[in-house]
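Architecture and fold: a report
Chain by chain, the residues run as shown.
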Amino acid sequence: MNRHAVLTDDTVDDVALLAALEAAGIDAQAKPLHLQRAAKVAADIIAEYPADQIEHARDTLIRWIDEALDTADDARQQRIIDSIEKLQRDHGELVTWRCPGGYIALDVPTAFVTSISRAYGAKRDIELRQLTGLLLPQLERIAPSIMQGVLGGEYVGNRGDYERLVAIACRDLIAG
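Described in the following lines is the structure provided in the data block.

Brief notes about the overall build of the protein chain
A count of helical and extended segments in the protein chain gives seven helices and two strands. Its helices and strands in sequence order give the protein chain the pattern α-α-α-β-β-α-α-α-α, from N to C terminus. Over its C-alpha trace the protein chain gives a radius of gyration of 23 Å, far above what one expects of a compact globule, namely 16 Å for 176 residues. The principal-axis extent of the C-alpha atoms belonging to the protein chain is close to 65 × 40 × 35 Å. Of all 176 residues assigned to the protein chain, the portion counted as buried reaches 22%. Entry remark: accessible area of the protein chain is about 12,200 Å², with carbon and sulfur atoms responsible for 54%. For the protein chain, the centre of its 19 positive side-chain charges and the centre of its 28 negative side-chain charges are spaced 7 Å apart.

Thresholds applied
- Residues numbered from 1 in each chain as written.
- Predicted model: local features only at pLDDT ≥ 70, side-chain atom pairs only at ≥ 80, totals over all residues.
- Heavy atoms only, no water.
- Helix = DSSP H or I, 4+ residues; strand = E, 2+ residues; numbered from the N terminus.
- Rg over C-alpha atoms; globule rule 2.2 N^0.38 Å.
- Buried < 20%, exposed > 50% of the residue type's maximum accessible area, 1.4 Å probe, protein only.
- Areas by Shrake-Rupley, 256 points an atom, 1.4 Å probe, with all protein chains shown as cover.
- Lys, Arg positive; Asp, Glu negative; His and termini not counted.
- Charge placed at Lys NZ, Arg CZ, Asp CG, Glu CD.

Written out as structure tokens, the structure reads:
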């Protein structure tokens with residue numbers, strides 16, 4: 001049996017994919033692919049190679065994985081750069097906030113900081129959520145251990161931590 005990886009959006013699950021393949025008359029299996037299963041599939045494929053080619057195949061796979069990770073890192077970095085440029089273009093001047101210790105730096109639109117500092121209640125919460133959404137490409141690169149170090153006891157380990165961090169950044173920028 002040949003193996004193929006199919007990348008879909010979040011609306012397609014393995015059951016829907018299998019149904020579509022069966023409707024097309026294709027005898028197949030469809031399973032979600034996570035890191036452990038991907039590693040097993042790669043190991044199974046390499047095990048099918050003749051014994052004298054296994055080492056070379058493994059080295060080639062590792063090289064391809066390294067290249068793919070580098071490409072993904074470059075793409076993530078470009079998304080961050082693009083989002084910062086869009087923030088500046090759409091919202092004007094940016095100010096850089098650095099957490100104590102300097103492990104986290106966020107480029108934040110000063111207009112939002114000013115607006116959040118003047119807002120109260122629901123209006124402040126809405127603006128804070130909106131700013132958090134705009135900063136997501138920058139926030140998603142922060143390692144959980146670093147986020148926990150900055151938030152301390154407020155750290156929960158979910159996406160709400162982003163909003164708590166942005167609130168801290170705004171508070172520091174206002175006070176600063």
